[in-house]
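# Structural description and commentary
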Amino acid sequence: MPYEYDDQNIFAKILRGEIPNDTVKETEHCLAFNDINPLAPVHILVIPKGPYVCADHFALEATDAEIVDFTRTIGWICKELGIQPGDDGDGYRLISNAGVDGVQEVPHLHIHILGGRPMGRMVQPG
Ligand code: AMP
């Protein structure tokens, strides 16, 4: 299996309370906090509390309850921060980097929620 979880990664330490974080929302199965190096006016990371390395790991092995909670938390944050596209906000971008090609720095699944400014093109041309 490609999924070998390193419990010394920085988000595992945040979940264990060993290092601080700027929490936006905590639920039974996940934690959302502000990115320490924000790349946009809104830059929030949503992570599951379970030991999942990346999005495909989570999608294949997380429980239904974990997946629902994670997805709903993303929706709650977009709503609360007023970045839903439409009348109230101007939209956002979700990013989840995985592995070497995805340039994932922290090997614990996280979704970046980026908003508050136009995000530009999706990726740089190869
Ligand atoms: P990625 O390249 O997708 O793995 O992104 C990792 C993200 O974690 C980066 O945007 C970092 O700024 C962010 N980050 C690293 N350490 C912390 C921390 N202690 N608290 C909040 N965000 C962090």
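Refer to the structure printed above.
Here is a short report on the structure shown in this document.

Quick notes on the rules
Residues numbered from 1 in each chain as written. Predicted model: local features only at pLDDT ≥ 70, side-chain atom pairs only at ≥ 80, totals over all residues. Heavy atoms only, no water. 1 Å grid on protein atoms, 1.4 Å probe; cavity = no way out; pocket = protein on both sides within 12 Å on 5 of 7 lines; lining within 4 Å. Points joined across faces, edges and corners; volume = space filled by probe spheres on them. Helix = DSSP H or I, 4+ residues; strand = E, 2+ residues; numbered from the N terminus. Pairing = 2+ DSSP bridges. Axes fitted to C-alpha atoms, helices over the stretch in contact; angles between N-to-C directions. Contact = heavy atoms within 4.5 Å. Near = heavy atom within 4 Å. Polar contact = N/O pair within 3.5 Å; in protein donor to acceptor, adjacent residues only side chain to side chain. Areas by Shrake-Rupley, 256 points an atom, 1.4 Å probe, with all protein chains shown as cover. Sits in = over half its atoms within 2 Å of the grid points.

The next thing to look at is the layout of surface pockets. Of the volumes computed, that of the largest pocket is approximately 720 Å³. Taken together, 28 residues make up the lining of the largest pocket; nearest its centre are Asp 35, His 43, Leu 45, Glu 105 and His 112. Of all the secondary structure elements, the ones that give two or more residues to the lining of the largest pocket are helix 1 (10-15), strand 2 (30-34), strand 3 (42-48) and strand 5 (111-115). By residue number, the principal contributor to the lining of the largest pocket is helix 1, which donates three residues.

This next bit is on the sheet that holds strand 3. Here five strands make up an open sheet; going across it, the order is 1-2-3-5-4 and the pairing antiparallel. Looking at strand neighbours, the two that pair on one side only are strand 1 (23-26) and strand 4 (92-95), the edges of this open sheet. On average, adjacent strands in this sheet sit at an angle of 20 degrees to one another, irrespective of strand direction. Two elements, strand 1 and strand 2, share three bridges in a ladder whose sense is antiparallel. If you follow Thr 23 over to strand 2, its bridge partner there is Phe 33. Against the sheet, helix 3 (residues 64-80) engages strand 1, strand 2, strand 3, strand 4 and strand 5, with an angle of about 165 degrees to strand 3.

Around the ligand, 16 residues are found, and the nearest of them are Asp 35, Asn 97, Glu 105, His 110 and His 112. The separation between a nitrogen atom of the ligand and a polar main-chain atom of Ile 36 is 3.1 Å. Measuring from an oxygen atom of the ligand, one finds a backbone N or O atom of Val 103 at 3.3 Å. In isolation the ligand offers 510 Å² of accessible surface; the protein chains occlude 86% of this area. Among the cavities detected, the one that contains the ligand is the largest pocket.

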